[in-house]
Amino acid sequence: GGITKKLLSYPAEGIAQVVLHEGFHDNLIQKQLEIPYSLVESTADVIAINGSIEYAKYGGGINIAELVKMKDLHERLVEFVNGRRRMLDVGNGNIGHSFYEECDKELASILLNADPTTRDRFNYHVNNAFFVRNQDYCADHPLVSSLFLSLGSLRETQFILFSTMFSKARKPRLLSQ
């Protein structure tokens, strides 16, 4: 994708996160790495969220407090998606209509004061498609986020992910969606 009117309508903090997320994808494509899609999306999110905060610390012209608020909201949304997804898995998909209605209400409450970037990404009616749409972004997020926090830097996180978890003897290729 390129720069769109929609992207430019977001606040600078949202634009920074989108650019870093998509930049991570471009970097992987250039390196032709073979990485599971859910790990790619989760890593792109962690790098985008934490990278935009790092960028703001060095005078990037974006609001750190707003970025931290966005990060906290994203973590809440990941917990929501993963937690409700587990409930679906335990119920083998045999969960009543009231489950989705309750999820809709909870999601609306979480997104009540969300920034436009986050709202556009997550503000969909909760049904099975909602969970399918978001599972690749959320499933591995806790693992990647904890790795990032334990290492303390984007560079170290990327290095560990690329050099240990995905090293191959032959030149790997990026898996398609």
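Summary of the structure given here. Computed from a predicted structure; not experimentally measured. (Residues numbered from 1 in each chain as written. Predicted model: local features only at pLDDT ≥ 70, side-chain atom pairs only at ≥ 80, totals over all residues. Heavy atoms only, no water.)

### With respect to the packing of aromatic side chains
Piece 1. Applying the stated criterion across every chain, the model contains three aromatic pairs.
Piece 2. Each ring, one from phenylalanine 99 and one from tyrosine 100, has its centre 5.3 Å from the other, and the planes form 80 degrees; the classification is edge-to-face. This pair shows no difference in class: phenylalanine 99 is buried, exactly as tyrosine 100 is.
Piece 3. Centre to centre, the rings of phenylalanine 130 and phenylalanine 131 are 5.4 Å apart; their planes meet at 85 degrees, and the pair counts as edge-to-face. Phenylalanine 131 shares its class with phenylalanine 130; the two are buried.
Piece 4. Among the aromatic residues, those joined into a cluster by ring pairs are Phe80, Phe130 and Phe131. (Phe/Tyr/Trp six-rings, centres within 6.5 Å; stacked < 30°, edge-to-face > 60°. Buried < 20%, exposed > 50% of the residue type's maximum accessible area, 1.4 Å probe, protein only.)

### Let's talk about the environment of glutamate 66
Piece 1. With respect to the helices and strands, glutamate 66 occurs in helix H4 (residues 64-90).
Piece 2. Separated by 55 residues in the primary sequence, glutamate 66 and proline 11 have C-alpha atoms spaced 10.0 Å apart.
Piece 3. When sequence neighbours within four positions are dropped, the list of residues in contact with glutamate 66 reads Glu13 and Asp115. (Helix = DSSP H or I, 4+ residues; strand = E, 2+ residues; numbered from the N terminus. Contact = heavy atoms within 4.5 Å.)

### Some remarks on the nonpolar core
Piece 1. Grouped together as the largest cluster of nonpolar side chains are 18 residues, with contacts concentrated most on Leu77, Phe80, Val81, Leu107, Val126, Phe130 and Phe131.
Piece 2. Of all the secondary-structure elements, those providing two or more residues to this core are H4, helix H5 (97-110) and helix H7 (128-138).
Piece 3. Sorting elements by how many residues they give to this core places H4 first, with six residues.
Piece 4. When sequence neighbours within four positions are dropped, the list of residues in contact with leucine 77 reads Leu107, Ile110, Leu111, Thr118 and Phe122.
Piece 5. In this structure, Leu33, Val46, Ile47 and Val144 belong to the second largest nonpolar core, which totals 11 residues. (Core = buried A, V, L, I, M, F, W, Y, C linked by side-chain atoms within 4.5 Å.)

### Structural notes on the environment of phenylalanine 122
Piece 1. The residue phenylalanine 122 is located in helix H6 (residues 116-122) in this model.
Piece 2. Sequence separation between phenylalanine 122 and histidine 74 is 48 residues; the distance between their C-alpha atoms is 9.7 Å.

### Structural notes on the pattern of salt bridges
Piece 1. Scanning the model with the defined rule gives five salt bridges in all.
Piece 2. With its nearest N and O atoms 3.3 Å apart, the salt bridge here joins lysine 57 to glutamate 54. Of this pair, lysine 57 and glutamate 54 both sit in helix H3 (residues 37-57), separated by three residues, roughly a single helical turn.
Piece 3. On the basis of relative accessible area, glutamate 54 is assigned to the partly exposed category, the value being 30%.
Piece 4. Arginine 85 is paired through a salt bridge with aspartate 89; the nearest N and O atoms lie 3.5 Å apart. (Salt bridge = Lys/Arg side-chain N within 4 Å of Asp/Glu carboxyl O.)

### Details of the packing of H5 against H7
Piece 1. Relative orientation of the contacting elements H5 and H7 amounts to 55 degrees, with a least axis distance of 11 Å. Overall, the two elements H5 and H7 adopt an arrangement that is oblique. Residue-level inspection shows Phe99, Tyr100, Cys103 and Leu107 of H5 in contact with H7, the latter providing Asn128, Phe130 and Phe131.
Piece 2. Split by residue class, the contact of H5 with H7 holds six nonpolar, one polar and no charged. (Axes fitted to C-alpha atoms, helices over the stretch in contact; angles between N-to-C directions. Parallel < 35°, antiparallel > 145°, perpendicular 65-115°, else oblique. Nonpolar A, V, L, I, M, F, W, Y, C, P; charged D, E, K, R; others polar.)

### With respect to the packing of helix H2 (residues 12-31) against H4
In a packed pair of helices, the relevant descriptors are the angle between the two axes and the axis-to-axis distance.
Piece 1. In contact at an axis separation of 9 Å, H2 and H4 are set at 60 degrees when each is read in the N-to-C sense. The angle between H2 and H4 falls in the class oblique. For the element pair H2 and H4, the recorded crossing hand is right-handed. Judged by residue contacts, Glu13, Gly14 and Gln17 of H2 engage Glu66, Leu67 and Met70 from H4. (Left-handed = near helix turned anticlockwise from the far one by under 90°.)

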